[in-house]
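Take a look at the letters that make up each chain.
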Amino acid sequence: MTYTLSSTAQRSYWLGRYLERAENTARLVNVNARLLYDLPKRLPLGWQPLIAITGNQQAFSEYYEEPTEKNVCRFLINDPRNSGSLLSSLEAARENVRTLRGIVPRQTVEYVNEMVLFAKDQLTEPLSRSRRTAGLIEVPKFTQRIDGFMSANMLHNAYWSFFRLGNYLERTDMTSRIMDVGTDNMLEAVTDLEPYADIQWRSVLLSLDATQSYNTEVQEPIQQDSVLDFLLHNERLPRSLAYGVNSIRQNLRGLPRHESSLRIANRIRRKLRDSSFSDAQQARAFLDEIQVDLASLDRAIHRAYFESPANPAAAGKTKRKKSTGA
Amino acid sequence: MTIDWRSYDTDGLWDELITANHRARKGAGNLCRVLTNLSDEELTARKTAAELAIRSMGITFTVYTGEGSGSIDREWPFDIVPRLVMKREWDQISAGLQQRVKALNRFIEDVYHEQEIFKDGVVPREYIERSKDYRTECLGVSPKHGVWSHVCGSDLVRDADGQVYVLEDNLRVPSGVSYMLENREVMKRVFPELFDEYVIHPVDDYPAQLKACLRSLTDVRSPQIAVLTPGIYNSAYFEHAYLASAMSAQLVEGSDLFVGKDDVVYMRTIEGMIRVDVIYRRIDDLFLDPEVFDPDSMLGVPGLMRAWRAGNVALANAPGCGVADDKVIYTYVPEIIRYYLQEEPILPNVPSYRCVEKDQRDYVLANLDKLVVKPANESGGYGMMIGPRASKAERDKFSRQILANPRNYMAQPMLSLSTSPTLIDNHVEPRHLDLRPFILSGAKSYVTTGGLTRVAMRKGSIVVNSSQGGGSKDTWVVDLET
């Protein structure tokens, strides 16, 4: 029999994370732009929330003065100094997939290469609005093609489970960060502007591609409480926290030595199930807590599978810093 | 303009398919006819189909682009006109290769044990002791079956008179076999109808044969086999991954392995530590074990030599086997065959001069413009000088190098490497080629049917290495008698 190498499992996990991160970043930037086109110019909302969502405030302030559209987009899309930028994520995905030959289907390597070449061609400076929008729309098409191809053709073995763990950890983390922004009270001063009252929540649903699902499942107007409830608890929505945590648990159960990681995942699930809030403040505190739990789940996975006792310095990939809010 | 063999000029050389008077050689008629019947458009379509197949199959090799920038993957260069070898000739070559590798393995075993061949004065002891691939760490170690070089790739060339010579034996970590296998796959996609014309011996049992060979190196009943690669930036990484996958062995890097206090090699897996019994290593000796060799090596596994010497892991190829891969030792191979096997060599060596011997050195220095000078221990065509094509300054440089370190050089007359029709734009032209068959030695020995044909794509060039602009062809061992 062949075994699952720790190092290879780790790369599969990170491939899952980076692909998901790239896709989410692309969605996020486009949705934010769309939202801003709809708002009166005098509103304070801008590009700052995107920096907050991706948890990169510190790095951003190091290189840029103002969170203008140009600066934020550059930082999130193609700034090589930002290890979490779309292009950095894609290149990291390519590095990982190169070493997964023989594990992932041949075409996966090819598709990832194509995607990187496309992004380097279409998403580098100078990046006009129209070029940016057109380029970013393509990114989820690429990632979904890769995902679909792997899902349909790859052996669903332990390497696959690690790929999915990476996907869902990243996705759950990202969903919670996007919700974080929804709970921000930036629009408080202007909620009297009737047409814009729920605009933040509309944009949250949009960036998760979940508007249609929301309308089908909830059948209520878009407003804070029901969107929060939907994104936290709905077990049929692939981008909800409940769905993500369930997928993580399911993939962990198929792996050996999953006890410590599964314990944390179960804890997150219980927390989600029992959660209810009376105001946005509480919701934000709760989401922050979930992000901390997800980070410790990531560490538990690294400890159990990627860092054997004889090789304590195995990991080396940096986890994004939690610096949302304020 | 379709292919017209009357305008194909063999230029006084031996061509593998076409005779000097423009006729197909025995057995090549059907191939030449099929090619002639293709229109320009069809030829181009086949060529494009081959390129597409290579791209979609992901057949690549890695080229170093210099410091800093690292390396890039290139698509494997492939020519759609196959090279034919008749079965009857191949059987003879195959027997010659087995004889050669058997004798070389006996030689390596002797070098690290009794050293009878020195005592009997057949090979001078100092040649070995000054070889940079002689490893005192290997003295007294007894790999199973007395075999040190389990996978050998010998380069064959054919001279103008049709004689096949062994140009060199790559006993350490020869590469290319995966391309031999993939070339056949591409050919089946591109020219399926040709397979009706001939009885072509299959090549695809190589991974199974390699696995059987590796299994025979241990007494463990279901051994854990790993392919040890330097990693994705190595020029042969494609092959390492290919072979590991085809054998369903683990593809590992040095950091995936460690040697315990019990001198046993383990692999780090998500299931925990798993014992490894056989390692097909594709890393050079000096990087294998930082405890023994290069202490700065990040590629190897600390303690690997300990584990190997203790008999807890089999290494293929065994460390130290490069001692017989030295181009000066090469000049002794005919004597080595006679000494250990009491047989006459079936396959001849290219006549060679040893620069370390005064009369031969004087001849070499006086005839640098006619000779090919090779350093004792380089591969990939590096560090050699092709006299007739070198400038005066280059020849002077080599002259000084030879005088400074005669042990490190040998010289051979410049062979007129045979050619074979190769598609250049929309017509065929003769291009020089060689052939690298692979010989496996374990409990049993095995020779690939054919091997990897490498072809110099530039007109007149004899440099076939893919790192230096060479291409490749599918090699067909054709049986005309069945």
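All of these numbers come straight from a predicted model, not from anything done at the bench.

Cut-off values and rules
Residues numbered from 1 in each chain as written. Chains lettered and ligands numbered in written order. Predicted model: local features only at pLDDT ≥ 70, side-chain atom pairs only at ≥ 80, totals over all residues. Helix = DSSP H or I, 4+ residues; strand = E, 2+ residues; numbered from the N terminus. Buried ≥ 20, exposed ≤ 12 C-beta atoms within 10 Å, placed from the backbone. Contact = placed C-beta atoms within 7 Å. Domains from an automatic or database assignment. Nonpolar A, V, L, I, M, F, W, Y, C, P; charged D, E, K, R; others polar. Pairing = 2+ DSSP bridges. Axes fitted to C-alpha atoms, helices over the stretch in contact; angles between N-to-C directions. Left-handed = near helix turned anticlockwise from the far one by under 90°.

**What to know about the overall build of chain B**
In terms of regular secondary structure, chain B is built from 15 helices and 22 strands. For chain B, the C-alpha atoms occupy an extent of roughly 70 × 60 × 50 Å along the three principal directions. Across the 482 residues that make up chain B, the buried fraction comes to 49%. Considering only contacts in chain B between residues 6 or more positions apart, those separated by 24 or more positions represent 69%.

**Structural notes on the domain arrangement of chain B**
By a widespread convention, an interface's size corresponds to the accessible area lost as its parts come together. Residues and elements named next belong to chain B. If you check the domain split of chain B, you get domain 1 (89–151 + 199–341) and domain 2 (353–413). For domain 1 versus domain 2, the distance between C-alpha centres works out to 30 Å. Taken together, the contact pairs 7 residues of domain 1 with 8 residues of domain 2. Residue classes in the side of domain 1 that touches domain 2 are distributed as 1 nonpolar, 1 polar and 5 charged.

**Describing the sheet that holds strand β11 (residues 278–281) of chain B**
Residue and element names in this part refer to chain B. Taken in spatial order, the 4 strands line up as β7-β6-β11-β12 in an open sheet, and their pairing is parallel. Both outer strands of the open sheet, β7 (250–252) and β12 (314–316), are each paired with one neighbouring strand and no more. Across the sheet, the axes of successive neighbouring strands diverge by a mean angle of 25°, strand direction being ignored. Here strand β6 (residues 225–228) runs beside β7; their pairing, made up of 3 bridges, is parallel. Looking at the pairing, V227 lines up with L251 of β7.

**What about the interface of chain A and chain B?**
If you look at the interface, chain A gives 21 residues, while chain B gives 20 residues. If you list the elements that add at least two residues to the side of chain A that touches chain B, you get α1 (6–38) and α6 (106–122) of chain A. Here the side of chain A that touches chain B is built from residues that sort into 9 nonpolar, 8 polar and 4 charged.

**Details of the pairing of strand β10 (residues 272–275) of chain B**
Residue and element names in this part refer to chain B. Pairing of strand β9 (residues 265–269) with β10 involves 4 bridges; the strand directions are antiparallel. By the bridge assignment for β10, T269 is matched with G272. Between β9 and β10, which pair antiparallel and follow one another directly, the connecting turn spans 2 residues.

**A closer look at the packing of α1 of chain A against helix α8 (residues 158–183) of chain A**
All names here are of chain A. Direction vectors running N to C along α1 and α8 enclose 35°, while the axes themselves pass 7 Å from each other. For the pair α1 and α8, the crossing hand works out as right-handed. For the pair α1 and α8, contact is made by T8, A9, S12, Y13, W14, L15, G16, R17, E20, R21 and N24 and by A158, Y159, F162, F163, R164, L165, G166, N167, L169, E170, R171 and M174, respectively. Broken down by class, the residue content of the contact of α1 with α8 amounts to 11 nonpolar, 6 polar and 6 charged.

**Digging into the sheet that holds strand β16 (residues 409–413) of chain B**
Residues and elements named next belong to chain B. With antiparallel pairing, 4 strands are arranged side by side in an open sheet as β13-β16-β14-β15. Of all strands in the sheet, those bounded by a partner on one side alone are β13 (353–354) and β15 (385–386). Here strand β14 (residues 371–375) pairs with β15 via 2 bridges, running antiparallel. For V373, the partnering residue across the bridge sits in β15 and is M385.

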